[in-house]
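# Chains, contacts and geometry: an overview
Each chain, letter by letter, is given below.
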Amino acid sequence: MGDDSEWMKLPIDQKCEHKVWKARLNGYEEALQLFQRIDDEKSSEWGKFLGLIKKFVTDSNAIAQLKGLEAALAYVENAHVAGKTTGDVVSGVVTKVFNQPKARAKELGSDICLMYIEIEKAEVVQDELLKGLDNKNPKIVVACIETLRKALSEFGSKIVTLKPVVKVLPKQFESREKAVRDEAKLLAVEIYKWIRDALKPSLQNINSVLLKELEEEWVKIPPTPPKQSRFLRSQHDMKAKFQQQQAQGEQSDGEDEEETVAAVDPYELLEAVDILSKLPKDLYEKIEAKKWQERKEALEAIDALTKNPKLEGGDYGDLVRALKKVVGKDANVMLVSMAAKCLAGLATGLRKKFGTYAGHVVPTILEKFKEKKPQVVQALQDAIDAIFFTTTWQNLSEDILAVMDNKNPSIKQQASLFLARSFRHCTQATLPKGVLKPFCSALIKQVNDSAPEVRDAAFEALGTAMKVVGEKAVNPYLADLDKLKLDKIKECADKVELPGGKKGAGGGGNVDKKPAAKAPPPAEAPSKSSAPPKKAPGATSSKSAGAAKKGKAASAAPGKPKKTTESKELTESELSAEVCEDQAASVLPASCIQQLDSANWKERLASMEEFQKAVETMDTAAMPCQALVRMLAKKPGWKETNFQVMQMKLHIVALIAQRGQFSKTSASVVLDGLVDKVGDIKCGTKAKEGMTAIGEACSLPWTAEQVVSLAFAQKNPKNQAETLNWLANAMKEFGFAGINVKGFINNVKTALGATNPAVRTAAITLLGVMHLYMGAPLRMFFEDEKPALLAQIDTELEKMQGQSPPAPTRFTKKTRNEEEGDIVEEPEEVDGGGQDIMDLLPRTDICDKVTSDLVSKIGDKNWKIRKEGLDEVAAIISEAKFVTANIGELPLALKGRLGDSNKILVQQSLTILQQLATAMGPGLKQHVKILGFPIMTVLGDSKPNVRAAAMATLQSWVEQTGMKEWLEGEELSEELKRENPFQRQEILGWLAEKLPTLRTVPGDLMLCVPHLYACLEDRNGDVRKKAQDAVPMFMMHLGYDKMNKAAGKVKPASKDQVVTILEKARAVMPAKPAAPAKSGGAKGDTSRSASASRTQPSVEECVDSKPEPKKVKGGLATKKSASNKKPAAKGMKDEEDKSGPLFVLIPNAKEQRIKEEKQLKILKWNFITPRDEYVEQLKTQMSTCFAKWLQDELFHVDFQRHVKAISVMIERLENESDATISCLDLILKWFTLRFFDTNTTVLMKVLEYLKLLFAMLNRENYHLTEYEANSFIPYLILKVGESKDVVRKDVRAILTMLCKVYPASKVFPYLMDGTKSKNSKQRAECLEELGCLIEGYGMNVCQPTPAKSLKEIAVHIGDRDTSVRNAALNTVVAVYNVCGDQVYKLIGNLSEKDMSMLEERIKRSSAKKTAAAPAKQTSTERSQRDHPANPNGTFLRKSTPQEDPNKLNQARQNAQHSESSHMPIPKEFQLDLDMIEMDHSRVGELPDLVQHKLDELLEPFVIPEPKMRAVSPHFDDLHNSTASTINFVISQVASGDINTSIQALAQIDEVLWQENKAEVMSGHIDQFLIATFMQLRLIYNTHMADDRLDKKDIFKLYSCILGNMLSLFSLESLAREASMGVLKDLMHGLITLMLDSRVEDIEEGQQVIRSVNLVVVRVLEKSDQTNITSALLVMLQDTLVSTAGSPMFSELVMKCLWRLIRHLPETINSINLDRILFDVHNIMKVFPKEKRKQLKSDVPHRTLKTLLHTLCKLTGAQILDHLSMIENRNESELEAHLRRVVKHAGNLSGSKSDRGNEKTGLHTEDRMSKAKVSDILSEIFKKIGSKENTKEGLTELYEYKQKYTDVDLEPFLKNSSPFFQSYVERGLRMIESEREGKPRIQNPTVIAQHGADNSLSSNNEDLKPAMYYERLKILRQRQGLENTSRSMSGTDDETKRVPISSLLASKPSVASSTDMLQSKLSQLKESREHCQQEHNNAQSRSPSHMHTRSTSPAGNLDDLKKRLERIKSNRQ
């Protein structure tokens, strides 16, 4: 319970992160209660859990996870900040919850996903769920599909975007898992409910059986569309409506249904097909062939391709032109039908992209309707119907109207029928008055046509129009028709069935039955309605149409409200006099009515006063406006003679207009009277006020048109002049929007010609005001006026030059419904201001002048003729002055010239296009796609003058067309996609200039964003700059969220940079331009007074613009907050601000700061105490990349603010790791300032953050730069001397973690500086830390040199402070543990007192160490392999598990202070023996023999099992499992993923390390080795070349591979299983690795190469000797054959061979000589003797000779019996060579062969000749005298004596020194004692003789006491206690040593031997230097150097004496 009580006290958030699962469970339970308890969704409590919610759902404990999921669900449901966690949490749910077996967990996971959708995060959730579909675990896939299905079922297809889901659905049907297929089927059924047949095309290619099953399911679905049953938080209105419907019995709204069905267009779900590339090459030749059959073939080819339902965009100009030619000119009607069908296919497949070509094709089709044949007519109708959906009425109207007067009745009939069909697909919004009026006029003419079919067609067209837009909209145009015809039209209207099945007029949301027709009609509406939803004050979310309408039916088309209001105005029919009197009587006093027409003016005046009072007090809604104004007009009406009464009357008119619902009908009653009085001196002002009030009520455009026409219908010049003056003033007050210029031009012209100068002056003044709004085009209308008048006009216009129009002060008063309608039309009205004028100009049709000859001239091969053609075009345009939009083939001809190779012609073409822009005006719009975008292509020209001309042309075009046409469609994004730096610069610059001026843009602008991001990384600096400038302009229209989401799709490497730029852009994003004055008024709530309507906009603008700045700072202002009706309170705003990112990731900012500090541009961060200038400098640097609020907190005077800021930084650390790293230098600098604060609370918080920070940096594999370390570590070390223990402990922990992100060797000097402090605690802690570093990382950390560092450390042994002295002593002891007695040299001269303290401490530590060793062996996790140098350090770390150093680093560091790098193998019994035996550097230290009771060696014993590693349960399973498990693990060894491979190697390693389990690997060795060398090859070829991979990971992998090889080749039984081919490949891989310069150049690489050396040695020793020898011979042959290989490679192969040759005497009997000789034969065959001699080096030749010579020596003549594998022995050069060698070898080889046989016990000879005996003994004594073979010689001598007991050794010994004689005698005695009482060892040579042989065991049975005696003896020899003679000469004067065996046997010789030793001590120094030198010379690059043993004796003679005494006492 003690443990429980600890965590029970923790706060909830810490419990939730606790390592104990029960604590976490408890934390989740409490968190759940807390979340349910918090009422305020914006409470600060939520923020604490922001970073933890992912851990809630991904908890590793299933029970805790379940509770965590419940808590997470509660959090998501209630917290306002929950949206930030969406990506992480949903991804966690997908990967860690959906794979759980518990259904409850999955259900909660699914609920969490749905809750995120409810809080407006549908897109993120959907993305994560779709990613989950790619998961390999079918459970996850099933759960993801199920969740998607639930989401769709509940939220509907508007919230869940179906396109990506439908795209991945077919793949799920291919799954092998039935569960996945079944779930996919359910999802398909759900999708079908929402989009019906739109789903079918996407699933056509799935399995036919599945498709059939699906279709059966689909049939069962009820026809009523599903409805959304769960709503987003922003859909309160819809939710309320839904609940209301539920209560009323679930009656659905028909309009809602329609909208649902139309939600998804099947076209959008299809993949586009590129058909241009598939067109036959000879298509264009064939299509113009003379034979109709060839033309038919060509058309059939096109027809086949155009049947694809969706086509890829491209340049279809040539194809369309060819088809158009067939339609227009081909005589074969069948081909005309085919061509029309192809055009229909193109239009259907391309949709809007075909719009470019529509204008060229439609006139031809309409003309072709003269054909009578039904099949042709039908084909043409299909074609023109399909084309209609690709373009707009504006583009078609001119062509249609042109044929309405055609003489051919068929053409007129078909044109009318086309209009009838097209009108069906329109709504009021898409069929505005401007379009309808000219069509109605033309149709009315046809109603009276003589041809009945033409009349019927016209009736049908008019009837359809009436059905679509309503009778009242069409009636004004039908005024001249008689009743009969009107009835016919109405009859037709009743018959018309609209596609959506609507009965009434004006229904929105039409749905067409044809797929092609679905998308386009709505596509036209956005051009007019893209702005309103954002502006509607009540809108809470632009996502839901319903919300934006404020209670209107959600499906109402944008035009609907407008229509409603207009019909209200029109429907107010004229009331009769009686009705008016009745209505007036109900609201006016009786006396007032009676006195209205009194003859007495005073009574009339009194009546007016009562009238006025009544109007002022009347209820606005109940005011009968028309009745009141008709009463005013009653006799005397406007003929009133008394000016007072008249003034009052006019004032009342203004009041009624201002206060009541004043209709145009009412206005018509009074306007005549007002105009009549406008010129009156006394009443004129009141009349103008009345007109202005009517302007506010009924709109200025309408009022102005009426007023001007009335004024000029009179003859009174005063009225005309004042009317024009009023209009000029009204335009300034109301603005120009919507003014119908056409209505004024003729009247103004009349006024200019008036005789009255006042009228002329007023007209000129009006022109001046109009010029403000319309600009230069206005003057064009008056160019025909007299020069004098023109001069006056010019003078007036010049006055206005440079002035901008004033902001409107008056606005049209409207109802809420009317507002929306007004805004809908507004953009067009604004744009249309200038365009209307252009429409009025007399234009010339130049189509006839653009002849085919001219077009062919422009396209001629000769540039001069092309120029002539262009000159002619320029002349035609100049002459025509103003041209119509129809210019025939000219666009395509000019397009070709824009790409002309002759730049002069390109420039001329651009000039013509500028000229054309001015001449054509707005009609230019239809040519933007075909001619405009090629202008953009010219912007990529390399010549600046050409680019400048192109830009000028582009600008002139945009002036005429507006920007909308350019931004719609994919063309702009395609231009930006081209990787031309010039073009990109120009386009981006142009967009940056134009976008800020636009109020709305088409959604297609989003297509440019990916290319914009690509430009941000362009190689060209100018492109990058322009792109950065353009980003804010894009963002002002698209919004930060959209652009940020798009940034998620860029490459990961680029993402950070893009996001940083977006953050910057967010701060400087311009506001959208304010709406024109008129619309500003419309935004206001319906107001009762003009003043109210004027003041309202400012409030609304506030609402609209406030959230934008919020978003800039916080990054989290949601759409919801953006549309709140009132601005958030200040406190909330602050909270919002803080939710944004803390740090901004600015690329290269840190590098720039480093550079500035190096160049001394800023102060270097180096001070004793921080001065103000440092703080100010840090503030400045932080300001660019820290959130402003955070910076304010960090530099606040109140320390509590610092604590708060650090808490937030801790919360966000994980989420903002990348940004934190980018600002790391500044963060660390700020913390150094806090180290100088005295406040402990702040300091503890600082240290808490730093611990988390360095842990994060370590996880991210980040390494501190020198710059960061210099400005932080010295100040951290100051705090290590803090008086409070808790602070010191934390600082030490941070220093430990610091070494993981910054090299320990570089931390060392800082700590050394810390030891010089005056603070004794700091000195002590620094010294302790230095000891830890030395212990953990070896002597290499001591910088600059160990000697210098240790001298400085040793000085502190004499410090006055006890803790400092102890720390210094401990540190020196740590050094002693690492390098032994060498420490005395390193520390230099110490005082006697200090030295005695040190010696005492070292002695104590040795005693402690000895006692502690066994316990540590079993308890510590670290194996000897990890810590070969120092198993018993005194500075074992106490704190965190993270402190265990990286194994590779450990191995490397230890290797650097070790003279050879053997990897020991842990075995409990021989632990320290192994360690010391292989560690040649620790010559001065006695082995810890006391650890083992040596007396027990003679007793029978069991070899203990190794206990060094805790083996995971997995490996027990592995041991018991089948071979398939091993196969699987081995297969992972060769994985391309480093971590997978490392894990597999670790698993195999654990098996190999356990003797009882290693056998399971038997039979898998070849397989394992193949996987290993494949991995080596992969590393060499791939990983090492990949800069993205961390080299540490690669070296870790190398380390694992080499460790495994060592383990494997320590087990001889397994090692011998390796086959020849595998060994060859393995050796090849190892040698290649040794020679890899990339490895060599890296510090860790040195250790790897040493380890490879060791592995090679093991492989050579432990493998099957036949296989390894054969493998090396084959490798040698390969290296000789290949000339490309490295010479070093062959050299190392030969060195390996030499090593094998040297060991042949021991291995000869185990070798299959036949195979070896066969391999040698093959080499000699490939390289005969002559060829071998020609080789660059003779070494290979000599190697082979040596091998053969040695084999002959060992086997004698018998070797000739081993040539069985060679086919033609006689022809073999080998046999001849062997015979020669055998002959030369003579007797010597025979004797050796016999002796070899003797040794192995095969046979013996009883007697030998004296000569032979002499030879044998001479050889043996040579071996004894040699350094390498002394042991072998002694063994042979002992065995020889055993066999031949009578042999006399005296002759061989008498010439040697007494020392050598004593050595031989002692050696023989020792061997005798070893073999006492046990059977003779078969092969004594296998006993380990060298440091590298310390394997687990070559054969288990060899682990006998004799082996340990031998090992102990070697140790004693190495420590100087038993130095046997090893000089090459056979003589040595080294001191004799006591054999350990004699100690054990308690023989009396010990004393005498010891005495002899002491008498010889004087020789020790000489021999030590000599042996050391010899040892150093023996080290070399070859693998064999691993075998070399150190022979250096003990370093200190006094120490030796002490140790000898200790041995004696132990013996006694």
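The text that follows walks through the structure, step by step, so that each part is easy to find. (Residues numbered from 1 in each chain as written. Predicted model: local features only at pLDDT ≥ 70, side-chain atom pairs only at ≥ 80, totals over all residues. Heavy atoms only, no water.)

When you go through the protein residue by residue, the secondary structure sums to 108 helices and zero strands. Taken across its 2012 residues, the protein has 54% of its residues classed as buried. Sequence-distant contacts, at least 24 apart, represent 75% of the contacts inside the protein between residues at least 6 apart. Counting every atom, the protein has about 87900 Å² of accessible surface; 51% of that belongs to carbon and sulfur. (Helix = DSSP H or I, 4+ residues; strand = E, 2+ residues; numbered from the N terminus. Buried < 20%, exposed > 50% of the residue type's maximum accessible area, 1.4 Å probe, protein only. Contact = heavy atoms within 4.5 Å. Areas by Shrake-Rupley, 256 points an atom, 1.4 Å probe, with all protein chains shown as cover.)

What follows deals with the packing of aromatic side chains. Think of a pair of aromatic rings as described by two things: how far the centres are apart, and how the planes are tilted against each other in angle. For the coordinates displayed, the defined rule picks out 30 aromatic pairs. Residues Phe1167 and Phe1236 carry aromatic rings whose centres are separated by 5.8 Å and whose planes lie at 55 degrees to one another, so their mutual orientation is tilted. One end of the pair, Phe1167, is in the loop between α65 (1149-1158) and α66 (1172-1183); the other, Phe1236, is in the loop between α70 (1224-1234) and α71 (1240-1259), with 69 residues separating them in the sequence. Residue Phe1236 is classed as partly exposed on the basis of its relative accessible area of 26%. (Phe/Tyr/Trp six-rings, centres within 6.5 Å; stacked < 30°, edge-to-face > 60°.)

Quick look at unusual backbone geometry now. Backbone torsion omega between Gln1343 and Pro1344 reads 0 degrees, so that peptide bond is classified as cis. The residue Pro1344 is located in the loop between α76 (1320-1337) and α77 (1346-1355) in this model. Positive phi outside glycine occurs at Glu120, with the angle close to 75 degrees. Looking at the element boundaries, Glu120 is found in the loop between α8 (103-118) and α9 (122-132).

Closest axis-to-axis distance for the helix α23 (residues 393-403)/helix α25 (residues 433-447) pair is 11 Å, and the angle between their directions is 15 degrees. With respect to α25, the axis of α23 lies roughly parallel. Seen from above, α23 lies across α25 with left-handed handedness. Touching Trp393, Gln394, Ser397, Ile400 and Leu401 of α23 are Val435, Pro438, Phe439 and Ala442, all from α25. (Axes fitted to C-alpha atoms, helices over the stretch in contact; angles between N-to-C directions. Parallel < 35°, antiparallel > 145°, perpendicular 65-115°, else oblique. Left-handed = near helix turned anticlockwise from the far one by under 90°.)

Grouped together as the largest cluster of nonpolar side chains are 168 residues, with contacts concentrated most on Leu346, Phe354, Trp393, Trp990, Tyr1013 and Phe1034. The element that contributes the greatest number of residues to this core is helix α20 (residues 333-350), accounting for twelve residues. With near-sequence residues (within four places) excluded, Tyr1013 lies in contact with Met1043, Asn1044, Ala1046, Ala1047, Val1050, Val1058 and Leu1062. (Core = buried A, V, L, I, M, F, W, Y, C linked by side-chain atoms within 4.5 Å.)

With that settled, consider the pattern of salt bridges. Scanning all chains against the criterion turns up 74 salt bridges. We note a salt bridge from Glu118 to Arg230, for which the minimum N-O separation is 2.9 Å. Taken as a pair, Glu118 in helix α8 and Arg230 in the loop between α13 (208-220) and α14 (236-247) lie far apart in primary sequence, 112 residues in all. Residue Arg230 is classed as buried on the basis of its relative accessible area of 18%. One salt bridge connects Asp1018 with Arg984, and the closest N-O pair in it is separated by 2.9 Å. Note that Asp1018 is positioned in the loop between α56 (1009-1016) and α57 (1021-1038) and Arg984 in helix α55 (residues 981-994), a separation of 34 residues in sequence. (Salt bridge = Lys/Arg side-chain N within 4 Å of Asp/Glu carboxyl O.)

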